[in-house]
Structures are given as C-alpha cells and as structure tokens.
Amino acid sequence: AGEGDGPEVRQIGGVPFLAQVLRGVSGKDLPAIIDEHKARIGSGAVLLIAEADGKAAVAAGVTADLTDRVSAVDLVRAVTPVLGGKGGGGRPDMAQGGGPDAGNAEAAIKAAEQILEG
C-alpha cells in the first residue's frame, strides 16, 4: 500500500477484502473503524476482529455497491463459530458478532474469505 496507514486490501473472489485483527479495541468501536476503512477503499468488504481479555468481537462491513453480492451478515455468521460464538447480525452493509476465543482470528479470516470466494 505504501502509505502504511492500514492493512492491505486483497482481491478475494473479485471483491476487495480488508481484514484486520485489533487489540485493545472494544466491540463498540468497530463500526466507526469499519466506516473509515470503507471510505478509504471505496468499494469492498471489511472484516475486523477485536481482541479484548482473550475474547473476540467481530464486525464486518460491505460497501453499498457490493451488498447485492455479499452481505456483512453472512461474513459475521461465517466467522463467529470459528471464534467459539454463534450467530451475530446486523445489516448487509454492517454486522457484528463475537465469541469467547480470539485465538482463532486467522482461521476466522479464512472463513470470511471462503464466503467471498463463493
């Protein structure tokens, strides 16, 4: 990315995808961070996993131009079981969930990528 102001965006199944694991950030802070990333990338899907006290909070965002193809709710629902949680919900453009096991964050990101790959 060069400017070094965040994680890199990768193309997954034709969708720009940005995934980031954050430490010391609470779940309620995630929507604002998602909005920042969505504004920066313009078009794409964003997945954030925040780790606090060993637990995980998850938020996913999808830019409006892509919500007919991929839903943030589907991303969250794919990710939360990997983190030991279940469910999660929200809207196609912003969804949240969580789980007790933040240690599986990398595997959770892979689960989201599989959704994007279709």
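Here, the structure is the one placed above.
Predicted model, so just to flag it, every value in this text is computed and none were measured.

Q: Can you lay out the packing of helix 2 (residues 72-79) against helix 3 (residues 105-117) for me, pointing to particular residues and giving the numbers?
A: At their nearest, the axes of helix 2 and helix 3 sit 8 Å apart, and the two run at 140 degrees to each other. Comparing the axis directions of helix 2 and helix 3 gives the class oblique. Along this stretch, helix 2 crosses helix 3, giving a crossing that reads as right-handed. On helix 3, the residues touching Asp74, Leu75, Ala78 and Val79 of helix 2 are Ala108, Ala111, Ala112, Ile115 and Leu116.

Q: Can you lay out the pairing of strand 4 (residues 55-62) for me, pointing to particular residues and giving the numbers?
A: Counting buried positions along strand 4 gives seven out of eight residues, so the element sits mostly inside the fold. Note that strand 3 (residues 45-52) and strand 4 share eight bridges and pair antiparallel. Residue Glu51 lies in a different strand from strand 4, and its bridge partner there is Ala56. Counting the residues that bridge the hairpin from strand 3 to strand 4 gives two residues, and of these Asp53 lies at a positive phi of roughly 55 degrees. Two strands pair when backbone bridges link them, and strand 4 and strand 6 (residues 94-99) are joined in this way by six bridges, in the antiparallel orientation. Among the inter-strand pairings, Ala56 is bridged to a residue of strand 6, identified as Gly99.

Q: Can you explain the side chain of Lys38? Please cite residues and give values.
A: Take Lys38: it is sitting in helix 1 (residues 30-41). Buried Lys38, no salt bridge; nearest opposite-charge side chain is Asp35, N-O distance 4.2 Å.

Q: Give a description of the pattern of salt bridges that names residues and reports values.
A: Pairing between side chains of opposite charge can happen when their charged atoms approach one another. Applying the stated criterion across every chain yields a total of three salt bridges. Arg23 is the salt-bridge partner of Glu51, the closest N and O atoms lying 3.4 Å from each other. Within this pair, whereas Glu51 is found in strand 3, its partner Arg23 is found in strand 2 (residues 15-23), the two being separated by 28 residues in sequence. Looking at Arg23, the relative accessible area reads 61%, which means it is exposed.

Q: Give a description of the nonpolar core that names residues and reports values.
A: Phe17, Leu47, Ile49, Leu75, Val79 and Leu116 are the most contacted members of the largest nonpolar core, which totals 26 residues. Elements supplying a minimum of two residues to this core: strand 2, strand 3, strand 4, helix 2 and helix 3. Setting aside chain neighbours within four positions, we find Leu75 in contact with Ala45, Ala60, Val62, Val70, Ala112, Ile115 and Leu116. In terms of nonpolar packing, the next biggest core, distinct from the first, is built from 13 residues, Ile34, Leu48, Ala50 and Ala57 among them.

Q: Which residues make up the environment of Gly54, and what values go with them?
A: If you trace the backbone, Gly54 turns up in the loop between strand 3 and strand 4. With 46 residues separating them along the chain, Gly54 and Pro100 place their C-alpha atoms 7.1 Å apart. Excluding its chain neighbours within four sequence positions, the residues that come into contact with Gly54 are Pro100, Asp101 and Ala102.

Rules used in this analysis
- Residues numbered from 1 in each chain as written.
- Predicted model: local features only at pLDDT ≥ 70, side-chain atom pairs only at ≥ 80, totals over all residues.
- Heavy atoms only, no water.
- Axes fitted to C-alpha atoms, helices over the stretch in contact; angles between N-to-C directions.
- Helix = DSSP H or I, 4+ residues; strand = E, 2+ residues; numbered from the N terminus.
- Parallel < 35°, antiparallel > 145°, perpendicular 65-115°, else oblique.
- Left-handed = near helix turned anticlockwise from the far one by under 90°.
- Contact = heavy atoms within 4.5 Å.
- Buried < 20%, exposed > 50% of the residue type's maximum accessible area, 1.4 Å probe, protein only.
- Pairing = 2+ DSSP bridges.
- Lys, Arg positive; Asp, Glu negative; His and termini not counted.
- Salt bridge = Lys/Arg side-chain N within 4 Å of Asp/Glu carboxyl O.
- Core = buried A, V, L, I, M, F, W, Y, C linked by side-chain atoms within 4.5 Å.

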